[in-house]
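Letter by letter, the chains look like this.
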Amino acid sequence: MNTKYKNIVKIGGVLILGFLIGWLIFGGNNAARLVESEHAHTEAEENQIWTCSMHPQIRQNGPGDCPICGMELIPAVNAGAETDNPATFQMSENAMKLANVSTMQVGKSAAARTLRLNGKVELNETNTVTQSSHIPGRIESLKVNFTGEQVRRGQTLATVYSPELVTAQEELLQAARIRESQPELFEAAKEKLRNWRIGENQINQILNSGRPLERFPVTADVSGVVTEKLVNLGDYVQRGMPIYQIADLSEVWVLFDLYEGQVGWVEEGSKVEFTVRALPGETFEGEITFVDPLLNSQSRVARARVEVDNSEGKLKPEMFVSGTVQTALGEANSNELVVPKSAVLWTGTRSVVYVKENLGNNVGFTLREIVLGA
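Residues numbered from 1 in each chain as written. Predicted model: local features only at pLDDT ≥ 70, side-chain atom pairs only at ≥ 80, totals over all residues. Heavy atoms only, no water.

*Asks:* How should helix α4 (residues 183-195) be read in this particular structure?
*Replies:* Each turn of an α-helix holds 3.6 residues, which means side chains three or four residues apart point in the same direction. Helix length check: α4 (13 residues) gives 19 Å between terminal C-alpha atoms against 18 Å at 1.5 Å per residue, within 8%. Every buried residue belonging to α4 is among F186, A189, K190 and L193, and all of these are buried. Down the axis of α4, the buried set is contained in an arc of 95°. They therefore lie on one face. Just downstream of α4, R197 is the residue with a positive phi angle, here 60°. (Helix = DSSP H or I, 4+ residues; strand = E, 2+ residues; numbered from the N terminus. Expected span 1.5 Å × (residues − 1). Buried < 20%, exposed > 50% of the residue type's maximum accessible area, 1.4 Å probe, protein only. Arc of directions from axis to C-beta.)

*Asks:* Could you clarify how one ought to interpret the packing of aromatic side chains in this entry?
*Replies:* Inspection of the entire model under this criterion finds two aromatic pairs. An angle of 70° between the planes, with centres 6.1 Å apart, marks the rings of F256 and F274 as edge-to-face. Taken as a pair, F256 in strand β15 (residues 251-259) and F274 in strand β16 (residues 271-276) lie far apart in primary sequence, 18 residues in all. Summarising the burial analysis for this pair, F256 and F274 share the class buried. Relative to F284, the ring of F274 has its centre 5.5 Å away and its plane inclined at 15°; by these criteria the two rings are stacked. Taken as a pair, F274 in strand β16 and F284 in strand β17 (residues 283-291) lie far apart in primary sequence, 10 residues in all. The same class applies to F274 as to F284, namely buried. Clustering of aromatic rings is evident, with ring pairs tying together F256, F274 and F284. Across the ring face of F186, the terminal group of R179 is positioned such that the distance to the ring centre comes to 5.2 Å. Taking NZ or CZ as reference, R305 lies 3.9 Å from the ring centre of W253, over its face. (Phe/Tyr/Trp six-rings, centres within 6.5 Å; stacked < 30°, edge-to-face > 60°. Lys NZ or Arg CZ within 6 Å of the ring centre and 35° of its normal.)

*Asks:* What am I meant to see in the packing of helix α3 (residues 163-177) against α4 here?
*Replies:* Relative placement of two packed helices is described by the angle separating their axes and the distance separating the axes. Close contact between α3 and α4 brings their axes to 8 Å; oriented N to C, the two are set at 155°. The orientation of α3 relative to α4 falls into the category roughly antiparallel. With respect to the hand of their crossing, α3 and α4 are arranged in left-handed fashion. Between α3 and α4, the contacting residues are L165, A168, Q169, E171, L172, A175 and A176 on the first element and L185, F186, A189, K190, K192 and L193 on the second. (Axes fitted to C-alpha atoms, helices over the stretch in contact; angles between N-to-C directions. Parallel < 35°, antiparallel > 145°, perpendicular 65-115°, else oblique. Left-handed = near helix turned anticlockwise from the far one by under 90°. Contact = heavy atoms within 4.5 Å.)

*Asks:* How should the nonpolar core be read in this particular structure?
*Replies:* Core analysis: the largest hydrophobic core is formed by 30 residues, its most contacted members being L157, L165, L172, L193, I198 and Y244. Contributing elements (two or more residues each) for this core: β8 (137-142), β10 (156-161), α3, α4, α5 (200-209), β11 (215-219) and β14 (242-247). Among the elements that take part in this core, α3 stands out by supplying six residues, more than any other. Within the second largest apolar cluster, 22 residues are counted, among which are L117, V121, I288 and V321. (Core = buried A, V, L, I, M, F, W, Y, C linked by side-chain atoms within 4.5 Å.)

Now the structure itself:
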């Protein structure tokens with residue numbers, strides 16, 4: 001009985017010893033590995049960077065929401081070199097392609113700006129004449145009855161009946177009878193008619209006929225187009241009263257509107273290329289000859305003038321035109337630091353660009369605040 005009991009104790013001790021040895025061999029290592037795994041996992045979580053899928057420049061040490069769009073942050077995949085600059089974010093090659101990011105090497109070069117201007121064709125004020133009547137009286141007939149009619153210098157525009165002129169002619173005829181005894185009176189009578197712009201041929205016609213002329217013509221002082229008719233048949237006019245406006249359209253002005261932000265970029269001598277809506281396919285060139293020194297108080301624009309030859313008559317007053325002016329941004333022969341316009345981000349209070357950097361297998365973009373020139 002004692003022998004059997006001893007055998008059972010021995011077998012139990014061997015089993016306990018085997019379990020103990022097995023736990024030491026396998027269980028201890030697993031526990032150690034579990035501790036190491038938990039430690040590594042905790043360390044990885046502590047070093048994990050969280051970013052926004054829509055705004056990769058956002059990088060935080062823990063999960064949360066994007067401060068820009070409010071989307072939930074995701075763990076960032078970091079396969080490149082580490083950077084301590086918070087203004088730098090990384091993008092993989094695939095991310096660059098998906099985002100369609102393009103870069104450009106910038107440097108100093110000659111900079112220019114293209115201004116687009118709108119305006120219209122107007123009359124050349126220096127070639128516009130007010131045709132007045134040099135004879136006081138009543139309009140007996142009008143030879144030019146509507147605006148837009150072409151007239152030539154010396155052409156009869158109207159005829160005027162003038163009682164005052166009839167009286168002056170009678171004085172001339174009376175002075176002609178005594179001109180041998182009183183030549184001064186005769187010359188004074190002729191000079192009076194000359195002051196009414198009566199020519200020598202008409203004066204001789206009066207002297208030869210011996211009768212005064214009742215109607216006298218008003219002739220055009222210049223050639224051009226009648227832009228305004230100011231009298232009608234039967235009107236009474238005084239000496240010097242305007243009856244027509246006549247403009248020479250062989251040369252016209254193109255006046256461009258310059259807003260306050262454009263005035264400083266345009267000056268006399270600037271070259272302009274412009275097109276006319278009514279003449280598709282044609283391009284005209286000119287040079288700015290005058291810029292208004294004052295802004296219009298209501299429209300807040302100044303006007304730039306281009307004098308254009310219009311001998312063919314293609315340009316009509318009040319036609320709308322669109323033009324471009326190339327202006328240099330810097331001083332003559334100077335180089336400016338030029339960046340693409342699409343690369344600049346305006347935040348309202350500052351302007352920023354992103355500068356490309358190589359970071360291992362990835363590409364880094366560093367935010368750079370800049371001050372913009374022209």
